[in-house]
Amino acid sequence: MSQAGAKKINLLDMSSEKMKAFLQERGEKPFRATQLIKWLHQHQAESLDQMTNISKAMRANLAEIAEIRLPEVVLDKASADGTHKWVLRLADGNCIEMVFIPESDRGTLCVSSQVGCALDCTFCSTARQGFSRNLTVGEIIGQLWIAKKTLQPDPLGNRVVSNVVMMGMGEPLLNFENVIDAMSLMLDDNAYGLSKRRVTLSTSGVIPAMDRMRERIDVSLAVSLHAPNDELRDKLVPVNKKYPIKDLIAACHRFLDGKAAREHITMEYVMLDGVNDSDEHARELIQTLKGLSVKVNLIPFNPFPETRYKRSSNNRIHRFYEILNNAGMVVMTRKTRGDDIDAACGQLAGQVNDRSRRTIHFAKMEQETS
Ligand code: SAH
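Residues numbered from 1 in each chain as written. Predicted model: local features only at pLDDT ≥ 70, side-chain atom pairs only at ≥ 80, totals over all residues. Heavy atoms only, no water.

(A) Focus on the overall build of the protein chain. Along its length, the protein chain carries twelve helices and 14 strands. Looking at the protein chain residue by residue over its 370 residues, the buried ones come to 52%. In the protein chain, once contacts between residues fewer than 6 apart in sequence are set aside, the share between residues at least 24 apart is 66%. Counting only carbon and sulfur atoms, one obtains 49% of the accessible surface of the protein chain, whose full area is about 16900 Å². (Helix = DSSP H or I, 4+ residues; strand = E, 2+ residues; numbered from the N terminus. Buried < 20%, exposed > 50% of the residue type's maximum accessible area, 1.4 Å probe, protein only. Contact = heavy atoms within 4.5 Å. Areas by Shrake-Rupley, 256 points an atom, 1.4 Å probe, with all protein chains shown as cover.)

(B) How the structure looks around helix α3 (residues 56-65). Of all the positions in α3, only Met58, Arg59, Leu62 and Ile65 are classed as buried. Down the axis of α3, the buried side of the element spans an arc of 130°, and every buried residue falls inside it. The exposed set on the far side of α3, more than 90 degrees from its buried face, consists of Lys56, Ala57 and Glu64. Close packing links the buried residues of α3 with β1 (9-10), α1 (16-25), α2 (31-42) and β2 (66-67). (Arc of directions from axis to C-beta.)

(C) Focus on the nonpolar core. Of all hydrophobic cores here, the largest spans 105 residues; its most connected members are Met19, Met183, Met186, Met213, Met267, Val296 and Leu324. With near-sequence residues (within four places) excluded, Met213 lies in contact with Leu173, Phe176, Ile180, Leu201, Val219, Ser220, Leu221 and Phe255. Val99, Val165, Met167 and Ala222 belong to the second-largest nonpolar core, a separate cluster that totals five residues. (Core = buried A, V, L, I, M, F, W, Y, C linked by side-chain atoms within 4.5 Å.)

(D) Local environment of the pattern of salt bridges. As enumerated under the stated definition, the model contains 18 salt bridges in all. The residue Arg283 makes a salt bridge to Glu280 at a minimum N-O spacing of 3.6 Å. Placement of the pair is Arg283 and Glu280 together in helix α9 (residues 279-289), with a separation of three residues, close to one helical turn. Several salt bridges converge on common partners, so that one network encompasses Asp211, Arg214, Glu215 and Arg254. (Salt bridge = Lys/Arg side-chain N within 4 Å of Asp/Glu carboxyl O.)

(E) Representation of the sheet that holds strand β5 (residues 95-103). Read across the open sheet, the ten strands follow the order β3-β4-β5-β6-β9-β10-β11-β12-β13-β14; overall the sheet is mixed. Of all the strands in the sheet, the pair left with one neighbour each is β3 (72-78) and β14 (330-333). Sheet twist, expressed as the average angle between the axes of neighbouring strands with direction ignored, equals 20°. Note: strand β12 (residues 265-271) against strand β13 (residues 294-300), seven bridges, orientation parallel. Across the sheet, the residue bridging to Val270 is Ile299, located in β13. Sitting on the sheet, helix α6 (residues 207-216) is in contact with β10 (199-203) and β11 (220-224), with an inclination near 170° to β11. (Pairing = 2+ DSSP bridges. Axes fitted to C-alpha atoms, helices over the stretch in contact; angles between N-to-C directions.)

(F) Fine view of the packing of helix α4 (residues 137-150) against helix α5 (residues 176-187). Interhelical geometry of α4 versus α5 gives an angle of 35° and a closest axis separation of 8 Å. Crossing hand, α4 versus α5: right-handed. Packed against α4, whose contacting residues are Val137, Ile140, Ile141 and Leu144, the element α5 presents Asn178, Val179, Asp181, Ala182, Leu185 and Met186 at the interface. Of the residues that constitute the contact of α4 with α5, the class distribution is eight nonpolar, one polar and one charged. (Left-handed = near helix turned anticlockwise from the far one by under 90°. Nonpolar A, V, L, I, M, F, W, Y, C, P; charged D, E, K, R; others polar.)

(G) Expanded view of the packing of aromatic side chains. Across all of its chains, the model carries three aromatic pairs by this definition. Taken together, a centroid distance of 6.1 Å and an interplanar angle of 65° make the contact between Phe301 and Phe304 edge-to-face. Classification of Phe301 as buried rests on a relative accessible area of 2%. Among the aromatic residues, ring-to-ring pairing joins Phe301, Phe304 and Tyr309 into one connected group. A cation over a ring is seen here: Arg212 above Phe176, with NZ or CZ 4.2 Å from the ring centre. (Phe/Tyr/Trp six-rings, centres within 6.5 Å; stacked < 30°, edge-to-face > 60°. Lys NZ or Arg CZ within 6 Å of the ring centre and 35° of its normal.)

(H) Here's a closer look at the environment of Asp105. Within the fold, Asp105 resides in the loop between β5 and β6 (106-110). The exposure class assigned to Asp105 is exposed, which follows from its relative accessible area of 52%. Along the backbone, Asp105 and Ser162 are 57 residues apart, and their C-alpha atoms lie at a distance of 9.0 Å.

(I) Structural context of the site of the ligand. Residues in contact with the ligand amount to 22 residues; listed here are only the nearest, Ser202, Ser224, His226, Glu268 and Asn302. Residue His226 places a side-chain N or O atom 2.6 Å away from an oxygen atom belonging to the ligand. One of the side-chain N or O atoms of Glu268 is found 3.0 Å from an oxygen atom in the ligand. A total of 540 Å² of accessible area belongs to the ligand in isolation, and the protein chains cover 96% of it. Looking at the shell around the ligand, the elements with two or more residues in it are β10, β12 and β13. Looking at side-chain class alone, the shell around the ligand contains eleven nonpolar, nine polar and two charged residues. (Near = heavy atom within 4 Å. Polar contact = N/O pair within 3.5 Å; in protein donor to acceptor, adjacent residues only side chain to side chain.)

(J) The arrangement of the side chain of Asp277 in detail. With respect to the element layout, Asp277 can be found in the loop between β12 and α9. It turns out Asp277 is buried and unbridged, and the closest side chain with the opposite charge, Arg316, is 5.2 Å from it. At a separation of 2.8 Å, a polar atom in the side chain of Asp277 contacts the side chain of Ser312. Here Asp277 is in contact with Met271, Leu272, Ser312, Arg316 and Phe320, once residues within four sequence places are set aside. (Lys, Arg positive; Asp, Glu negative; His and termini not counted.)

(K) View of the environment of Asp277. The class for Asp277 is buried, based on a relative accessible area of 4%. Placed 50 residues apart in sequence, Asp277 and Ala227 show a C-alpha to C-alpha distance of 9.0 Å. At 3.0 Å, the side chain of Asp277 forms a polar contact with the backbone nitrogen of Gly274.

Here it is, written out as structure tokens:
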């Protein structure tokens, strides 16, 4: 049957399981799926012609209905500290961003899951652009594909991207199926083979999806808490009105039940000057998290134009840290990285997708890169 006019299937949209089912429908053996997944994600083939252990007939057959569609890199900025930020343009013209943060013992890629975000957290720049759409599996895993391809290999042969955090634009649990399939490729030994401890999904706390996720995949979880009580969290993370802290903590307990990869949950806490950073807030946070196995990650707020918030002072962050630490909690303070290229947390793609201003910003970016 002719497929003329119809959009071809993107082979990057398929997890191993989906690839098996797809090929089986076409009368191919399951091992062909493994071969294809390896070609796509390990050898990073950009066309079917490169897949030399697959017969010409099968390749020709596939080429009629399928292709390899990757996001297009429109900007690749490297910071003085080694941080990278890419702007990627999708087939429909929308843009997303991803960030790579190298550290001595790891390389972390921060991946986006949606164009924009529907959740409206008041301190997040992605929220300002509203929600456009979910990313496809190919657009999510395509980010890791591109990072792996473009980053220089480590001289010791270590993985350059060793960790992935779903902490870019969007709420990953509101793009559930695609995020699960993309993460399954991250873990898949025939694809990226990352350790389940090194793949982390960050959520603002969409409780029903947290429960479903635990049934489907074994990865690490981070929760954007940001406040010790509902009154304050309602203001910072409005989804809290639907899924309040008590229920969220109960969902975290359910999540940790059982599996080895889930020894703790990371609690993210953005440090906002005069808003959530007092001694009293720290003491309240200890009570809120009592009995739950957590690591608290204090994130210095990253300001962006037109925000009403300010970053807490280093002294304040240190004091907050000490109160938690003295109570026996595991706490860390996130280093701010890539400030010089706006690659920091919560600053992603606001500038590119703001609908009314998209053209202007593009013109500006293209000037910057030329
Ligand atoms: N929607 C998901 C993932 C994206 S945000 C979530 O809410 O977890 C990833 C992390 O960056 C979250 O903890 C988020 O609260 C934090 N963040 C957002 N904007 C920020 C900013 N301006 N400064 C510091 N952290 C920010």
